[in-house]
Amino acid sequence: MSADETKEATETADTQRRERVKARWSMLRQALLGTSSASGSGGCDASDNSNGAADHSDGRFHKLSMNSFSGFQVLDRAVLPCDENDEQENGLLSTEGNWDIVQYSYTSTEGHKVKFITREAKEKQQTNQQSQKSTIQSRVEALMSHRNYGVDNTGNVRVWDAEGTLAGFLLSVVLDGDDVLGGDCLSDLRKNLRSILTDTSMKDTARGRKATCNLLELGAGQAGLAGLAMASASNNHNCSHDTERTTQMKPLHVVLTDGHPKCVENNETCAKMIPKSEVVSRVRIEAHLLLWDSSSKGADACCQITKVAANPQQVNNGATDKGLYQLCLASDCVHFQEFHDGLLTTIARTLAVGGIALLCQPKRGTSLLNFMTLIDAVNISQSDDFIGKSNPTIHCKDVTKCPALFQMTLHEDFYPKVSAMHKSLLLETNIANENASSNTTAAQNSTPQSSSRYDPNWHRPLLLVLQKLRPYDEDIDGELARQHVKTRVNF
């Protein structure tokens, strides 16, 4: 590329960047005022099309939004028609009719299908009348949610794509077996997850009941798709047909948590919509409020969440001070960088030794890297020399003789559909960018095409896997996490 061509490409990129900045300021204005853009300036939904569907009728501002990419849609999704009177009698719809009843489904390679329904905020384009009723006060309340509740309103806006991707991945683990995607590391992960979630021995415990798998979802948002998907699969009992054995899901205790009370309220409703199993007490679903907090207050909250999973004997023995969840799930959560220490300590407090935490999210700038760096910093707690030099007030005790707190692995290609779509979208985006560079004038006056809305940094979900290797030490591990976040410089 010549110097002139490089200059033109740079000017084009700068022009497009300025347009994106202007567009997002406009969207913020619309979020506050509840109005669409003035005539001639292009329209856009104030919430960036909050249900994630690509809407090509909203004009250039919407198309320039980072949220305009429709997602990988791993699960099949359908909004169900409903008789509003019947639904209100069942308590599924509010009197204002703000909700959609949505059915999700997944079909395995062997033809097994898992279906479940949720209640989600109604798509904006279908609620013009309701939108007109909203007030500046209600919109400001949503924007100021972090002040009122200690957490922002993100979970109430939409069901994010990473949540569906994680749900689909887990369903593929229990329904499709181990030999779906290559790679020894991923294959080992799938086998470990199957051992946590399923039972092939067909042996009961001494009390005549199979051991229950405790599953905790953090930041479940308004629907808790991953946790509900596992609950639905457990209700189906048989996970796959095997010529030599039958595989069944273990009885499951799902605890959905979020820091926003409105999310918790809707998760309670979604839990009631999961079909009841024919086997009594095979699946239990609860929803609880939980803020990520690395302080002693957060430790007390985690203890209460652990009590939810404990049996009476464990409560009497003080086992609630240790993690009791075999599986912990979180989707699109690590971009809250100010809560990194709270998120990590919450996982460490609630997860059982040997348990696995799955965090599904895009890179989103450096947020994922910074979270992984925090985990590395806590893992170094096994080094006497490091602890003594970095913070003399931390006394090593016996924990320094133990291994790292977590084994950490990042998977980029963990789900075939996502990997295939990523490659295809990346190719389309590269071609679009090359065409734009070759025609600067046209690029400046045109609206980006649908393929160019895809940005792997913001949209491609990655799977971060943490396996807990030893008990969590509040004094050492917690202090290391707090100190690291307090003193770090985000890249």
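Note that the coordinates shown come from a computational prediction; the quantities given were computed from them, not determined experimentally.

## Quick word on the overall build of the protein chain
A count of helical and extended segments in the protein chain gives 20 helices and 13 strands. Looking at the 491 residues of the protein chain, the share that counts as buried comes to 50%. Taking all contacts inside the protein chain whose residues are at least 6 apart in sequence as the whole, residues at least 24 apart take part in 75%. Total accessible area on the protein chain stands at roughly 23,500 Å², and carbon and sulfur atoms take up 49% of it.

## Quick notes on the side chain of His 260
One can find His 260 in the loop between β8 (252-258) and α11 (261-272). Side-chain polar atoms of His 260 contact the backbone nitrogen of Lys 262, separated by 3.2 Å.

## Re helix α9 (residues 184-197)
Every α-helical turn comprises 3.6 residues, leaving residues that sit three or four positions apart pointing alike. Under the 1.5 Å per step criterion, the end-to-end length of α9 is 20 Å for 14 residues, consistent within 8% with the ideal 20 Å. Burial in α9 covers these residues: Leu 186, Ser 187, Leu 189, Arg 190, Leu 193, Arg 194, Ile 196 and Leu 197.

## Regarding the sheet that holds strand β12 (residues 406-411)
One open sheet accounts for seven strands, arranged β9-β8-β5-β10-β11-β13-β12; its pairing is mixed. Each edge of the sheet is formed by a strand with only one pairing partner; in this case those strands are β9 (283-289) and β12. Neighbour-to-neighbour, the strand axes of the sheet open up by a mean angle of 15 degrees, direction not taken into account. Alignment of β12 against strand β13 (residues 462-468), held across six bridges, turns out to be antiparallel. Looking at β13, one finds that Gln 407 is bridged to Gln 467.

## Describing the environment of Asn 98
By secondary structure assignment, the location of Asn 98 is in the loop between α3 (84-89) and β2 (99-107). Asn 98 gets classed as partly exposed once you look at its relative accessible area, which sits at 23%.

## Remarks on the pattern of salt bridges
Under the defined criterion, the tally for this structure stands at nine salt bridges. Between Asp 332 and Arg 364 there is a salt bridge, with the nearest N and O atoms lying 3.7 Å from each other. Separated by 32 residues along the polypeptide, Asp 332 in the loop between β10 (325-331) and α14 (340-350) and Arg 364 in the loop between β11 (351-361) and α15 (367-379) bring together distant segments of the chain. When its relative accessible area of 10% is taken as the criterion, Asp 332 is described as buried. Note that Arg 482 is salt-bridged to Glu 479, the shortest N-O span being 3.4 Å. Remark: Glu 479 and Arg 482 occur in helix α20 (residues 474-487); sequence separation between them is three residues, near one turn of the helix. Among the charged side chains, a network of salt bridges with common partners joins Glu 412, Asp 413 and Arg 460.

## Things to note about the confidence of the model for the protein chain
Per-residue confidence for the protein chain gives a mean pLDDT of 77; residues scoring 70 or more make up 62%. The low-confidence segment residues 125-132 (pLDDT under 50) makes five contacts with residues lying over four places distant or belonging to another chain. Taken together, the stretch residues 443-451 has pLDDT below 50 and engages in 12 contacts with residues farther than four places along the chain or on a different chain.

## Observations concerning the packing of helix α12 (residues 296-309) against α14
One way to put it is that α12 packs onto α14 with a least axis distance of 10 Å and a crossing angle of 40 degrees. In terms of their interaxial angle, α12 and α14 are classed as oblique. Of the two possible hands of crossing, α12 and α14 adopt the one that is right-handed. Every residue of α14 that contacts α12 at Gly 298, Ala 299, Cys 302 and Thr 306 is listed here: Thr 346, Arg 349 and Thr 350.

## Topic: the pairing of β10
Of all seven residues in β10, six are buried; the element is thus mostly enclosed. The sheet contact formed by strand β5 (residues 213-218) and β10 spans four bridges and is parallel. In the strand pairing of β10, Leu 215 is matched with Leu 327. The sheet contact formed by β10 and β11 spans six bridges and is parallel. Counterpart to Cys 328 in the pairing with β11 is Ala 357. Considered for its hand, the β-α-β crossover made up of β10, α14 and β11 is right-handed.

Rules of the game
Residues numbered from 1 in each chain as written. Predicted model: local features only at pLDDT ≥ 70, side-chain atom pairs only at ≥ 80, totals over all residues. Heavy atoms only, no water. Helix = DSSP H or I, 4+ residues; strand = E, 2+ residues; numbered from the N terminus. Buried < 20%, exposed > 50% of the residue type's maximum accessible area, 1.4 Å probe, protein only. Contact = heavy atoms within 4.5 Å. Areas by Shrake-Rupley, 256 points an atom, 1.4 Å probe, with all protein chains shown as cover. Polar contact = N/O pair within 3.5 Å; in protein donor to acceptor, adjacent residues only side chain to side chain. Expected span 1.5 Å × (residues − 1). Pairing = 2+ DSSP bridges. Axes fitted to C-alpha atoms, helices over the stretch in contact; angles between N-to-C directions. Salt bridge = Lys/Arg side-chain N within 4 Å of Asp/Glu carboxyl O. pLDDT = per-residue confidence, 0-100. Parallel < 35°, antiparallel > 145°, perpendicular 65-115°, else oblique. Left-handed = near helix turned anticlockwise from the far one by under 90°. Right-handed = clockwise from strand over helix to strand, strands pointing away.

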